[in-house]
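Spelled out from the first residue to the last, the chains are:
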Amino acid sequence: MPHPVKLSPRPLATPDFLALGETPANGSLRACASLVGGQIDTSAAQTDPAIAALIKAAGLVFLFRYGVVVTVGARDDATLGLVAALRPHIADPTALNERESALIEHDPGAPDNVGAEGQIRLADLGRERLTLVAIVLARSVALARDEFLLWDAFDRIAPLVTDLQENGRARLPIRSAMQLVGNVLAARHRIIGTAQVDERPDLLWDHPALDRLYTRLEAEYELKERADVVQRKLDALGGFTEALLDIVQDKRAFRVEIAVIALIAFEVALSLLNLIAR
């Protein structure tokens, strides 16, 4: 089956991800992906001397623009120190403790595969294979964040649906409604515009031999299935938010009408008072 034509990437001032440091020379490595925020300024992090000093102790580090840090072969304390140093470059820090880890085993001469217990066996520990593993782990963590936010959104709209069903109206402040709409739009933007969970990594264009490894990793972490479920939930929430916006607009229109009626009544009252005074 012929490959589709590769499109030129859109030039960005901020790289989608950075690969910093060197691969530790151990036979088995622990890769860990951590969600740190909504976005990482990778351009600023790349030139930060404090981060450069910590990279040496953290091994191989990947910084993803959509708010995920992946370390390969780093100790937990080194990872915590790196995340602390990254804080000035993190937008919208998160309190969610979303992490995904995997054991990477070096198995020279054998085909790349995923073991029964989830261990990732690689024919070599080259930068390309480890980058692919980091991308999959980072996408899995990003999906976990959006799965949680969608669950929270559905939990918040449940009383609204009940209120509409029982009373025919929703007693919801306009600001809260707009925040809910904003959360849905932000989740959709992350999945489609930044994390690009449903797209194949650009790395595969330059290294087509790694296509099978990516397919196995994608299946192991169920990226496509989870992305499809998230997309269906987003579509459902999108329909609800449209209805919610209509309700908000009706509320605003009603308030404007009340204000206009009140002004007219006030003007009529002043006119009557003037007539009585005369």
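The present account deals with the structure reproduced in this document. (Residues numbered from 1 in each chain as written. Predicted model: local features only at pLDDT ≥ 70, side-chain atom pairs only at ≥ 80, totals over all residues. Heavy atoms only, no water.)

1. A word on a nonpolar patch on the surface
A cluster of nonpolar residues, Val256, Val260, Ile264, Val268, Leu272 and Leu275, forms a patch on the protein surface that exposes about 550 Å² of accessible area. On the secondary structure map, valine 268 appears in helix H8 (residues 223-277). The class of valine 268 is partly exposed, set by a relative accessible area of 43%. (Patch = residues over 30% accessible without salt bridge, like charges linked within 9 Å, V, L, I, M, F, W, Y side chains within 5 Å. Areas by Shrake-Rupley, 256 points an atom, 1.4 Å probe, with all protein chains shown as cover. Salt bridge = Lys/Arg side-chain N within 4 Å of Asp/Glu carboxyl O. Helix = DSSP H or I, 4+ residues; strand = E, 2+ residues; numbered from the N terminus. Buried < 20%, exposed > 50% of the residue type's maximum accessible area, 1.4 Å probe, protein only.)

2. Details of the pattern of salt bridges
Taken as a whole, this structure holds five salt bridges when the rule is applied. A salt bridge links arginine 121 to glutamate 105; the nearest nitrogen and oxygen atoms lie 3.4 Å apart. In this pair, arginine 121 is assigned in strand S9 (residues 120-122) and glutamate 105 in strand S7 (residues 99-106), connecting sequence segments 16 residues apart. For arginine 200, the salt bridge goes to aspartate 211, with nearest N and O atoms at 2.3 Å. In this pair, arginine 200 sits in the loop between helix H5 (174-194) and helix H6 (203-206) while aspartate 211 sits in helix H7 (residues 211-220), placing the two residues eleven residues apart along the sequence. Counted as one network, the salt bridges with shared partners bring together Asp112, Asp124 and Arg129.

3. Examining the environment of arginine 127
In this structure, arginine 127 sits in helix H4 (residues 127-167). A relative accessible area of 31% places arginine 127 in the partly exposed class. Sequence-wise, arginine 127 and threonine 23 are 104 residues apart; in three dimensions their C-alpha atoms are separated by 7.6 Å. Ignoring any residue separated from it by four or fewer positions in sequence, one finds arginine 127 in contact with Ala19, Gly21, Glu22 and Leu60. (Contact = heavy atoms within 4.5 Å.)

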